[in-house]
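Now for the letters of each chain:
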Amino acid sequence: MVETEVLPAPGPAAEAPSQKPTVELPFYVFWIRVLLVVGPLIGVLTAIGMMWYWGLFGWVELALFVSMYLLTSLGITAGYHRLFTHRSFETYSWMKFIIAAFGGMAAQGTLFEWVAAHRRHHQYSDQEGDPHSPHLAGAGVWGAIKGLWHAHLGWFYVNEYDDLPKYIAYLRRSPSLSVASALFPLWVALGFVIPAVIGGLATMTWLGAFLGFLWGGVMRMFLFHHVTWGINSVCHFWGTQPHKCDDQSRNNFLFGVLAMGEGWHNNHHAFPTSARHGLRWWQIDGSWYFIQLLTLFRLAWNVKLPASESH
Ligand SMILES: [Zn+2]
Ligand SMILES: [Zn+2]
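Residues numbered from 1 in each chain as written. Chains lettered and ligands numbered in written order. Predicted model: local features only at pLDDT ≥ 70, side-chain atom pairs only at ≥ 80, totals over all residues.

## Notes on the environment of leucine 111
Part 1 of the argument: Note on placement: leucine 111 falls in helix α5 (residues 111–123).
Part 2 of the argument: By C-beta crowding, leucine 111 is classed as buried, having 29 other C-beta atoms within 10 Å.
Part 3 of the argument: C-alpha of leucine 111 to C-alpha of alanine 180: the two residues are 69 residues apart in sequence and 7.6 Å apart in space.
Part 4 of the argument: Ignoring any residue separated from it by four or fewer positions in sequence, one finds leucine 111 in contact with Tyr80, Phe84, Ala100, Gly103, Gly104, Leu177, Ala180 and Ser181. (Helix = DSSP H or I, 4+ residues; strand = E, 2+ residues; numbered from the N terminus. Buried ≥ 20, exposed ≤ 12 C-beta atoms within 10 Å, placed from the backbone. Contact = placed C-beta atoms within 7 Å.)

## What to know about the environment of histidine 121
Part 1 of the argument: Take histidine 121: it is sitting in helix α5.
Part 2 of the argument: Histidine 121 has contacts with Asp130, Pro131 and His132, leaving out every residue within four places of it along the chain.

## Description of the packing of helix α3 (residues 59–85) against helix α9 (residues 184–203)
Part 1 of the argument: Packing of α3 against α9 brings their axes to within 11 Å, and their N-to-C directions diverge by 155 degrees. Relative to α9, α3 is oriented roughly antiparallel. The two elements α3 and α9 meet at a crossing, and its hand is right-handed. Touching Val60, Leu64, Met68 and Thr72 of α3 are Gly191, Pro195, Ile198, Gly199, Ala202 and Thr203, all from α9.
Part 2 of the argument: Its residues assigned to classes, the contact of α3 with α9 shows 6 nonpolar, 4 polar and no charged. (Axes fitted to C-alpha atoms, helices over the stretch in contact; angles between N-to-C directions. Parallel < 35°, antiparallel > 145°, perpendicular 65-115°, else oblique. Left-handed = near helix turned anticlockwise from the far one by under 90°. Nonpolar A, V, L, I, M, F, W, Y, C, P; charged D, E, K, R; others polar.)

## Remarks on the confidence of the model for the chain
Part 1 of the argument: Mean pLDDT over the chain: 92, with 93% of residues reaching 70 or higher.
Part 2 of the argument: Every residue in residues 1–5 is under pLDDT 50, and counting partners more than four places away or in other chains gives 7 contacts.
Part 3 of the argument: Confidence drops under pLDDT 50 across residues 9–14; counting only partners more than four residues distant or on other chains, this segment forms 4 contacts. (pLDDT = per-residue confidence, 0-100.)

## Describing helix α4 (residues 93–105)
Part 1 of the argument: In this model, α4 (13 residues) spans 19 Å end to end at C-alpha, consistent with the 18 Å of a helix rising 1.5 Å per residue.
Part 2 of the argument: What α4 keeps buried is the set Lys96, Ile99, Ala100, Ala101, Phe102, Gly103, Gly104 and Met105.
Part 3 of the argument: Residues of α4 that are buried in the fold lie against α3, α5, α8 (175–182) and α9.
Part 4 of the argument: One or two steps after α4, the chain reaches alanine 107, where phi turns positive at roughly 60 degrees. (Expected span 1.5 Å × (residues − 1).)

## Let's talk about helix α10 (residues 206–232)
Part 1 of the argument: The terminal C-alpha atoms of α10, which comprises 27 residues, lie 38 Å apart, in line with the 39 Å expected from a rise of 1.5 Å per residue.
Part 2 of the argument: Helix geometry: α10 is bent most strongly at arginine 220, by close to 25 degrees.
Part 3 of the argument: The element α10 is extensively covered by neighbouring structure, given that 19 of its 27 residues are classed as buried. (Bend = angle between axes of the 7 residues up to and from the residue.)

In structure tokens form, the structure reads like this:
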């Protein structure tokens, strides 16, 4: 399946295989990104320590962790990825705004940044020009380690491509999605405030609010960050390749479960516009179940599926 409808037509720049990222990352963006990766580690150690030594973990924290994980991960997988990047299904404008807001709470970048980078990934998958391939750092074990680091995290801290806006032209035409993307800092803040307020109200204590912040905010963000980045690193490295693609994408069961179906990444590269990534009954795909639920309630339509299961 070729995404002619979604990806920009190859121009002179697209045909040049030696293109390099040239836009230097602003100083403050670099440090915000460092904070977003290192900061959660402190929160995670605090939460585990408080649970280990003082038993400070209960049903409220578990419920906040699970519900915030589900909402924000679906915002990324069913929203940022399947809806906005690949247009796998259609929905109402107000639903798009809500889904974009939950995606923002996952703290993985603005809607527009995320979609642009991911489209570039599909266009140049595992070739020069792919923002986060683990296969472009040289041969041997050291090349693999460097490549995996780059695909997982390192690519946040290097130069960016100068043509990313062309990948999101159709999204920029939507005023409501432009607002949703620009409000990214607000969504990130709400991703911490909401579980803190619920935790505080559920227990009527400041400690409950702090634990809500830790488990519904920091812990779920930390886990889903690394699960998502694992799609870029692990799912282009370890797993099965039932479909022949011009890239190293793999199906990986663990990431299929944890990443709401996104770990069936070889299926996805074979059929990029399909709303369903887990193509077999046993390939657990939380995002696909969610999209089916939306369809059931008449909240999603034009749901795209692979025309056939062979590539
Ligand atoms: Zn990929
Ligand atoms: Zn994709």
